[in-house]
Amino acid sequence: MDKYELSKSPDVLRLADMQEELHLNDKDFCRRVGFALAASSWGKIKAGTWSGNCESALQSVRQALSSGLTRQDAPDVDGDTVLLPHVSLAADAVAAAQCAQDEHRLVFVVGKTGAGKSKTASYLAGKFGGTLINAAPAWEKSYLHALTSIGAGLGLAASWYSAGAAERDILQSLQAAPRLIIIDEANHFNRATINFLKTVLNLTRCGLVLLTLPHHMARMSSDSREEFPQLLRRSIAIIHIPSITGEEVAAIRRGLYPQVDLPNAAPLCALANQFHNLDTVRRVLDEIDAGQTPEAAVKAVRRQIQPISPARS
């Protein structure tokens, strides 16, 4: 077998077709299927320019095909949520946190604007019967305001005139009826709020999920150098939502837009990773579903986004 025959072998063509279906570049695809050779070698095998042992290369291709990781199975979908890796990881972490016998019941979910944090929060709240609370800028200035908002989210109707009274009532409620507490926009915590959440983990059986932006998490660590590390030590998982890949786009398309044809996900991935991640993926797929070509949909969403991008925080 020579290099040209290798490139045209049924196994190589089959593996290349699977790569195209997944919309992954050579590096990401080889990592996914556990290809024994370098990504550059896989590129040369496909192009017919491989200079190594062709029989050995074909054996590597066959091993990748038998890995079971290349199947285009339908993605798991729960309602309108595609269970992308970070969503499944968050759900697994919450399940583990609820079984913890100590204070390690904290899960952090960290991602850029539009990465899917709020969607993940809503999914976790529905799956685990959790209470979803959105922090606000006023929390940074007023600890009592933060406690009042947390109490309201938990269904406590009391009007407190002191932080001590609010702390006592909230803790008593959570001790009597432990639950999962999910707080989005966690960057609005001050030191007192961080300490209170640490107390919740210490004195109750509640699980806690906090969602924030990467640079805001770093800022909390800097602004609360004593309190934040103590809270962080109670975490069971810190989940960072990664950049969008063609594989994730393909999963969303198959799960929520099976009627949409998207031959090349690269332009969509590039736009999504530049602006608002999963939000942008859904907007582009909505445009395609409405009749736009993929190229026109990407251009249309880019025009919608770019004029407002400078104003976003």
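Source: prediction; values computed, not measured.

A. Expanded view of the side chain of T131. For T131, the location among the structural elements is in strand β4 (residues 131–134). In this structure T131 comes out as buried when scored by relative accessible area, which is 14%. Residues in contact with T131, not counting those within four places in the same chain, are G153, L154, R179, L180, I181 and I182.

B. Molecular detail of the pattern of salt bridges. Tallied over the full model, the rule gives four salt bridges. Across the pair D11 and R62 runs a salt bridge whose closest N-O atoms are separated by 2.7 Å. In this pair, D11 sits in helix α2 (residues 10–22) while R62 sits in helix α5 (residues 54–65), placing the two residues 51 residues apart along the sequence. Of the charged contacts, one joins E227 and R191 as a salt bridge, the two residues approaching to 4.0 Å between their closest N and O atoms. Residue E227 is located in helix α13 (residues 227–232), and its partner R191 is located in helix α11 (residues 191–203); the two are separated by 36 residues in the primary sequence. On the accessibility criterion, R191 (47% relative accessible area) is partly exposed.

C. Here's a closer look at the pairing of strand β5 (residues 180–184). The element β5 is extensively covered by neighbouring structure, given that five of its five residues are classed as buried. Judged by which residues are buried, β5 turns out to be covered on both faces: L180, I182 and D184 on one side and I181 and I183 on the other are all buried. Across four bridges, β4 lies against β5 in parallel orientation. Along β5, the bridge assignment pairs T131 with I181. As a crossover connection, the stretch from β5 through α11 into strand β6 (residues 207–212) is right-handed.

D. Spatial organisation of the sheet that holds β4. Reading across the sheet, the five strands line up as β4-β5-β6-β3-β7 and stay open at both edges, with parallel pairing between neighbours. Each end of this open sheet is capped by a strand with a single partner; those strands are β4 and β7 (235–240). Taken pair by pair, the neighbouring strands of this sheet meet at an average axis angle of 15°, ignoring direction. Taken strand by strand, helix α6 (residues 85–99) contacts β3 (106–110), β5, β6 and β7, and its axis lies near 175° from that of β7.

E. Expanded view of the confidence of the model for the protein. Residues of the protein with pLDDT of at least 70 account for 94%, and the chain-wide mean is 88. At the low end of the mean pLDDT range in the protein sits strand β1 (residues 77–78), at 76; at the high end sits β5, at 97. For residues 309–313, every residue scores under 50 in pLDDT, and the model assigns this stretch five contacts once sequence neighbours within four places are set aside.

F. Representation of the nonpolar core within the structure. Ranked by internal contacts, the top residues of the largest apolar core, which has 33 residues, are W139, I170, I181, I183, F189, L208 and L210. Counting residues per element, the ones that place at least two in this core are β3, α9 (143–153), α10 (163–176), β5, α11, β6, α12 (214–223) and α13. Apart from residues no more than four positions distant in its own chain, L208 is found in contact with R105, L106, V107, L180, I181, I183, L197 and L201. In this structure, I244, C269, V284 and V298 belong to the second largest nonpolar core, which totals 24 residues.

G. Broad picture of the packing of helix α14 (residues 246–256) against helix α16 (residues 277–289). Closest axis-to-axis distance for the α14/α16 pair is 11 Å, and the angle between their directions is 50°. In terms of their interaxial angle, α14 and α16 are classed as oblique. Both α14 and α16 take part in a crossing whose hand is right-handed. For the pair formed by α14 and α16, the contact residues are V249, I252, R253 and L256 on the first element and L278, V281, R282 and L285 on the second. Of the residues belonging to the contact of α14 with α16, the class tally is six nonpolar, no polar and two charged.

H. View of unusual backbone geometry. Located in the positive-phi region is E185, a residue other than glycine, with phi close to 60°. On the accessibility criterion, E185 (36% relative accessible area) is partly exposed.

I. How the structure looks around the packing of aromatic side chains. With the rule as written, the count across this model stands at three aromatic pairs. K127 extends its terminal NZ or CZ atom over the ring of F128, reaching a point 5.7 Å from the ring centre.

J. Looking closely at helix α17 (residues 294–305). The end-to-end C-alpha distance of α17 is 16 Å, a good match for the 16 Å that twelve residues give at a rise of 1.5 Å each. What α17 keeps buried is the set P294, A297, V298, A300, V301 and I305. Looking down the long axis of α17, one finds its buried residues gathered within 165° of arc, a one-sided arrangement. For α17, the exposed residues lying more than 90 degrees away from the buried face are E295, K299 and R303.

The rules behind these values
Residues numbered from 1 in each chain as written. Predicted model: local features only at pLDDT ≥ 70, side-chain atom pairs only at ≥ 80, totals over all residues. Heavy atoms only, no water. Helix = DSSP H or I, 4+ residues; strand = E, 2+ residues; numbered from the N terminus. Buried < 20%, exposed > 50% of the residue type's maximum accessible area, 1.4 Å probe, protein only. Contact = heavy atoms within 4.5 Å. Salt bridge = Lys/Arg side-chain N within 4 Å of Asp/Glu carboxyl O. Pairing = 2+ DSSP bridges. Right-handed = clockwise from strand over helix to strand, strands pointing away. Axes fitted to C-alpha atoms, helices over the stretch in contact; angles between N-to-C directions. pLDDT = per-residue confidence, 0-100. Core = buried A, V, L, I, M, F, W, Y, C linked by side-chain atoms within 4.5 Å. Parallel < 35°, antiparallel > 145°, perpendicular 65-115°, else oblique. Left-handed = near helix turned anticlockwise from the far one by under 90°. Nonpolar A, V, L, I, M, F, W, Y, C, P; charged D, E, K, R; others polar. Phe/Tyr/Trp six-rings, centres within 6.5 Å; stacked < 30°, edge-to-face > 60°. Lys NZ or Arg CZ within 6 Å of the ring centre and 35° of its normal. Expected span 1.5 Å × (residues − 1). Arc of directions from axis to C-beta.

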